[in-house]
Amino acid sequence: MTLDNSMLDGTIASIDGAVRRLGLEDDMRQVLVEPWREIQVGLPVRMDDGNIRVFKGYRSQHNAARGPYKGGIRYHPHADLEHTRALGMLMTWKTALADVPFGGAKGGVSVDPRELSTGELNRLTRRYTLSMHHVLGVNRDIPAPDLGTSAQTMAWIMDAYGSIHGHTPGIVTGKPVELGGSVGRAEAPGRGVAVVACRAIVDYGSSPEHSRVAIQGYGAVGSAAARTMFDRGANVIAVSDMHGAIVNTSGLDIDQLERIVAGGGNISDLADADQLTNAELLELECDVLIPAAIEDVITTSNASNIRAKIIVEGANRPVTSEADQVLSDANILVIPDILANAGGVVASYFEWAQNIQVFNWELDRVNRELDQMMNRAYEVTKERKDRNGGSTRDAAFDVAVGRVARVIKIRGYVG
Ligand code: NAD
């Protein structure tokens, strides 16, 4: 993971572009760019060997004009305030574009979760929650899982928060279903990626059935995207994980692949597939490329070798700003992250709504409403692009930034 300033710079450049195109004042730009609240905490944790280790924890609450702050908590050795801030900003635009009643935030702890025991992770998560509970809340800030955290982490947060405030399932989303999590939440980001990918394919004049799809990262997002694309008739020709990639230009057997991975196997165990590297996967000839692993994988060093017609950003910021330009010059359509992977936060909204109403939805309803909201976000972005020109990323930011700016004005937030 590249944790330099490129993501923050890229996001601010996108906001600046939208501010210019929308004709917003410089005062408004400052309100849009500046996080509304940021916290850095020291988290002392008793380790299994009896020693105390102090971890650093962060929460960047970027903007709550449209509703409570919303965003994941990431456990990663390189997590820091700057990177957390960039990810929090992205959440503001993602929630606005998806039109869910949330703002944007992100949290992080500088830790390699693989080095900690389950007990140590539990204690670390409780300490984080106790240090932050005064700025969290069902109507204030609602965390979710991100890299290095899981449904289990959310269960610990809910439990620690509940020990102070009483039973509060709506304090986190992405929880285990037994504790009020929503069915379909785990698959939602990948399903949403596939929904917009299929719309883009049709707008390109083709159909899912005639499309070859390559997916980098066969994790939560990539595997659900592969499943949904496969169900909609697409040929998923390549997938990868951090160890390497597999390809079969006639299409991978996704049913078989799911069984292998569910049984603890590796993607490389799939029969009828050739091995290749992650770099080679990105440069495969295909209709749709879905980078769904990490940020900054398509840069100026490989952008001119990309042979996909459409790139759908499953991961956050997998395409750098400079590479965006190269792809645009080559007439490659890029569906940006704030649109493509918004399915996670849309399903989080459903989970939060279910928790508040103490009423659980069936999977069919979750998927139906998810598809509807993803389609609406796609359409509003396309309308803006058709009217104003520019890239799909520009159009998505214009819609999102315009919505947030409008609400800031109506609220009278700036006196
Ligand atoms: P995950 O950990 O479940 O899966 C990540 C996958 O990428 C794994 O298969 C891993 O092996 C692979 N990978 C890791 N490093 C790699 C590398 N250097 N090269 C190639 N592959 C690599 O994570 P996820 O939840 O699927 O998230 C993937 C991306 O999508 C992240 O950028 C995340 O921020 C973003 N995202 C996730 C969600 C969500 O709710 N899960 C929502 C929106 C965006």
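These remarks concern the structure in this document. Being a predicted model, the structure only gives us computed values, none of them experimental. (Residues numbered from 1 in each chain as written. Predicted model: local features only at pLDDT ≥ 70, side-chain atom pairs only at ≥ 80, totals over all residues. Heavy atoms only, no water.)

## A short note on the site of the ligand
Selection criterion: Only a single heavy atom is needed: when it lies within 4 Å of a molecule or strand, its residue is near that molecule or strand. Polar contacts, as counted here, are pairs of nitrogen or oxygen atoms within 3.5 Å of one another; within protein the pair requires one atom able to donate a hydrogen and one able to accept it, and residues that are adjacent in sequence qualify only if both atoms are side-chain atoms. Each accessible area is a Shrake-Rupley estimate made with a 1.4 Å probe; only the visible protein chains count as cover when residues are assessed. Each residue is assigned to one class: nonpolar for Ala, Val, Leu, Ile, Met, Phe, Trp, Tyr, Cys and Pro, charged for Asp, Glu, Lys and Arg, and polar for all the others, Gly among them.
Residues in close proximity to the ligand total 20 residues, the closest being Gly219, Ala220, Val221, Met242 and Asn316. At a separation of 2.9 Å, an oxygen atom of the ligand approaches a polar backbone atom of Met242. One of the backbone nitrogen or oxygen atoms of Ala293 is found 3.5 Å away from an oxygen atom of the ligand. When isolated, the ligand has an accessible area of 830 Å², and the protein chains bury 75% of it. A breakdown of the residues in the shell around the ligand according to their chemical character gives 10 nonpolar, 7 polar and 3 charged.

## Quick look at the environment of Glu187
Note the cut-off: Helix and strand definitions follow DSSP, with helices as H or I runs of at least four residues and strands as E runs of at least two, each counted in order from the N terminus.
Mapping Glu187 onto the fold places it in the loop between α5 (151-165) and α6 (188-203). Between the C-alpha atom of Glu187 and that of Ala224, which follows or precedes it by 37 residues, the distance is 5.4 Å.

## Re the packing of aromatic side chains
Our working rule: Planes of paired rings set the category: under 30 degrees apart is stacked, over 60 is edge-to-face and the rest tilted, where pairs are Phe, Tyr or Trp rings (Trp by its six-membered ring) whose centres lie within 6.5 Å. Burial here depends on accessible area, computed with a 1.4 Å probe over protein chains only, as a share of the maximum for the residue type. Under 20% is buried, over 50% is exposed, and the range in between is partly exposed.
By the definition in use, this model includes 6 aromatic pairs. With a centroid separation of 4.9 Å and an interplanar angle of 65°, the aromatic rings of Phe102 and Trp352 are classed as edge-to-face. Note that Phe102 is positioned in the loop between α3 (81-98) and β4 (104-110) and Trp352 in helix α12 (residues 343-357), a separation of 250 residues in sequence. Here Phe102 and Trp352 have matching classes, each one buried. Ring plane angle 40° and centroid distance 6.4 Å describe the contact between Tyr349 and Trp352, whose orientation is recorded as tilted. Note that Tyr349 and Trp352 are positioned in helix α12 at a spacing of 3 residues, about one turn of the helix. Look at Tyr349 and you get partly exposed, because its relative accessible area is 24%. Taking relative accessible area as the criterion, Trp352 reaches 10% and is therefore assigned buried. Taken together through their ring pairs, the aromatic side chains of Phe102, Tyr349, Phe350, Trp352 and Trp361 make up a single cluster.

## Details of helix α14 (residues 392-411)
We apply this condition: Residue count minus one, scaled by 1.5 Å, sets the expected span of a helix.
With 20 residues, α14 extends 29 Å between its outermost C-alpha atoms, agreeing within 8% with the 28 Å of an ideal straight helix rising 1.5 Å per residue. Summarising burial for α14: 14 of the 20 residues are buried, a large majority. Immediately beyond the C-terminal end of α14, within one or two residues, lies Gly412, with a positive phi of roughly 70°.

## Examining the sheet that holds strand β2 (residues 52-63)
In plain terms, the rule: Strands are treated as partners if at least two bridges between them are detected by DSSP. Orientation is described by axes fitted as lines to C-alpha atoms, over the contacting stretch for helices, and by angles from 0 to 180 degrees between their N-to-C directions.
Within the open sheet, the 5 strands sit side by side as β1-β2-β4-β3-β5. Their pairing is mixed. Of all strands in the sheet, those bounded by a partner on one side alone are β1 (37-46) and β5 (141-145). Adjacent strand axes in the sheet meet at a mean angle of 25° when their direction is disregarded. Examined bridge by bridge, strand β3 (residues 69-76) and β4 share 4 bridges and lie parallel to one another. For His76, the partnering residue across the bridge sits in β4 and is Ser110.

## Remarks on the sheet that holds strand β10 (residues 288-291)
Pairing is mixed across the open sheet formed by 7 strands, whose spatial order is β9-β8-β7-β6-β10-β11-β12. The open sheet has two free edges, formed respectively by β9 (274-276) and β12 (333-335), since each of these has just one partner strand. With strand direction ignored, the average angle separating the axes of adjacent strands in the sheet is 20°. As paired strands, β10 and strand β11 (residues 310-312) are joined by 2 bridges and run parallel to one another. Across the sheet, residue Val288 finds its bridge partner in β11, namely Ile310.

## Overview of the state of the cysteines
So the rule is basically this: Two cysteine sulfurs form what is called a disulfide whenever their separation falls within 2.5 Å.
Tallied over the full model, the rule gives 0 disulfides. Not part of a disulfide, Cys286 finds its nearest cysteine sulfur in Cys198, a span of 14 Å. Overall, Cys286 belongs to the buried group, its relative accessible area being 1%.

## Some points on the packing of helix α1 (residues 6-22) against α3
Our working rule: A crossing counts as left-handed when the near helix is turned anticlockwise from the far one by less than a right angle, and as right-handed when that turn is clockwise. Residue contacts follow a heavy-atom distance rule, with two residues in contact if any of their heavy atoms lie within 4.5 Å.
Contact geometry of α1 with α3 gives a least axis separation of 8 Å together with a crossing angle of 35°. When you trace α1 past α3, the crossing you get is left-handed. Residues Met7, Leu8, Thr11, Ile12 and Ile15 of α1 form the contact with α3, whose own contacting residues are Glu82, His83, Arg85, Ala86, Leu87, Met89, Leu90 and Trp93. Tallied by class, residues from the contact of α1 with α3 come to 9 nonpolar, 2 polar and 2 charged.

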